[in-house]
Amino acid sequence: MSAEPIVYLNGEFLPQSQAKVSVLDRGFVFADGIYEVIPAYGGRLFRLGEHLQRLQNSLDGVRLANPLDDIEWDRILGELIKRNGGGDQSLYLQITRGVAKRDHGFPPDTPATVFAMSNPLKPVDAALLKSGVKAITLEDIRWRFCNIKSIALLPNVLLRQQALEQGAAEAILIRNGLVTEGSASNVFIVRKGVIMTPPKSEFLLPGITRDLIVELSQRHGVPCEERDIPEAWLEEADEMWLSSSLKELLPITTLNDKSVGSGSPGPVWAKMFDIFQSFKDDIRKTG
Ligand code: PDD
């Protein structure tokens, strides 16, 4: 493995410091692009088919043609994992509407900019899994198409920063009195023994981890409902979790300075966390 990470840019694998994008790239000027984050365990891409389907949905949502087919994505991302030393990594890929004179309308005949990088994926700190994390609720100030994984993340950045400045790890977002998701995660609660997470809609990103947790709960006979969660239910929740490709399934034990349930990670979380870890171990072994 070379000291400097290797990235992919427009058909080439390069040391990160040599990868350059024009200042006129529409990603830079307009945030006109979309992205994906895909974990790899033991060098194997996690739920690649699902991630590539969500990538296609995001591209369709912003009317960008997919510059590569699924076989090429698989090859490029696999190569990037290898060139960066294998093991557990998180892959980031981004597609923008390319380089063109600044003008809001789509530029004709402009190739997309395609960028991908990979970073070591570290397990979530064991101390955090034991204590859980703090979260705060904030108004969901984002646009209407949060199902598109757009690189225009300024609202998410501001919301996360506000949480951090209040000593919390995540902001849980509320739109019209209902929970949507976190600034970079999906949200689950446990209420009267039932796992609940908001249904998919334009107001939240259909998280790949979220979908897997729903799938695994069904497979293991743990009651789970995809349903609206009124803000008031957060205070009464027995357990609360967030999910994402980088944080996996993380318990929230304090919300707005009040304990969630017992104030410690709950038994339903512990069960689903174990099920999730075994699922990951199987990927490591068998792909
Ligand atoms: N974010 N909701 C939002 C707004 C997110 O940004 C993310 C993930 C999720 C969880 O999706 P998944 O389980 O597919 O990772 C939900 C990534 C990790 C990021 O922006 O870094």
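Residues numbered from 1 in each chain as written. Predicted model: local features only at pLDDT ≥ 70, side-chain atom pairs only at ≥ 80, totals over all residues. Heavy atoms only, no water.

Caption draft 1: View of the domain arrangement of the protein. If you check the domain split of the protein, you get domain 1 (6-120) and domain 2 (126-286). For domain 1 and domain 2, the distance between their C-alpha centroids amounts to 26 Å. Contacts between the two partners involve 25 residues from domain 1, matched on the other side by 23 residues from domain 2. Approximately 2,000 Å² of surface area, both sides summed, lies buried where domain 1 meets domain 2, with 65% of it carried by carbon and sulfur atoms. It is Tyr 41, Arg 47 and Arg 54 in domain 1 that bury the most area against domain 2; as a group they hold 33% of the surface buried on that side. Linking domain 1 to domain 2 there are two salt bridges. Here Glu 215 and Arg 47 are joined by a salt bridge, their closest N and O atoms 3.0 Å apart. One can count nine residue pairs in polar contact (both at pLDDT 80 or more) joining domain 1 with domain 2. Going through the elements one at a time, strand E3 (33-41), helix H2 (48-61) and strand E5 (89-96) are the ones with two or more residues in the side of domain 1 that touches domain 2. (Domains from an automatic or database assignment. Contact = heavy atoms within 4.5 Å. Buried area = accessible area lost by both parts, 1.4 Å probe. Salt bridge = Lys/Arg side-chain N within 4 Å of Asp/Glu carboxyl O. Polar contact = N/O pair within 3.5 Å; in protein donor to acceptor, adjacent residues only side chain to side chain. Helix = DSSP H or I, 4+ residues; strand = E, 2+ residues; numbered from the N terminus.)

Caption draft 2: The pairing of strand E8 (residues 170-175), seen in detail. Of all six residues that make up E8, six are buried, and the element is covered over most of its length. Across the two faces of E8 the burial is the same, with Glu 170, Ile 172 and Ile 174 and Ala 171, Leu 173 and Arg 175 all buried. Across five bridges, strand E7 (residues 133-139) lies against E8 in parallel orientation. Residue pairing for E8: Glu 139 is matched across the bridge by Ile 174. (Buried < 20%, exposed > 50% of the residue type's maximum accessible area, 1.4 Å probe, protein only. Pairing = 2+ DSSP bridges.)

Caption draft 3: Main features of the site of the ligand. The immediate surroundings of the ligand are formed by 20 residues, with Tyr 35, Arg 54, Glu 181, Thr 209 and Ser 245 found nearest. Within the side chain of Tyr 35, a nitrogen or oxygen atom sits 2.6 Å from an oxygen atom of the ligand. At a separation of 2.9 Å, an oxygen atom of the ligand approaches a polar backbone atom of Ile 208. Protein burial of the ligand: of its 480 Å² of free accessible surface, 90% is covered by the chains. (Near = heavy atom within 4 Å. Areas by Shrake-Rupley, 256 points an atom, 1.4 Å probe, with all protein chains shown as cover.)

Caption draft 4: Here's a closer look at a negative patch on the surface. Together, Asp 69, Asp 70, Glu 72 and Asp 74 give the surface a local cluster of negative charge. Within the element layout of this structure, Asp 74 appears in helix H3 (residues 70-83). Judged by its relative accessible area of 40%, Asp 74 is partly exposed. (Patch = residues over 30% accessible without salt bridge, like charges linked within 9 Å, V, L, I, M, F, W, Y side chains within 5 Å. Lys, Arg positive; Asp, Glu negative; His and termini not counted. Charge placed at Lys NZ, Arg CZ, Asp CG, Glu CD.)

Caption draft 5: Broad picture of the environment of Ala 31. The topology assignment puts Ala 31 in the loop between helix H1 (26-30) and E3. Each C-alpha atom, one on Ala 31 and one on Ser 150, is 7.9 Å from the other, the two residues being 119 residues apart in sequence. In contact with Ala 31, other than residues within four places in its own chain, are Arg 26, Ile 151 and Ala 152.

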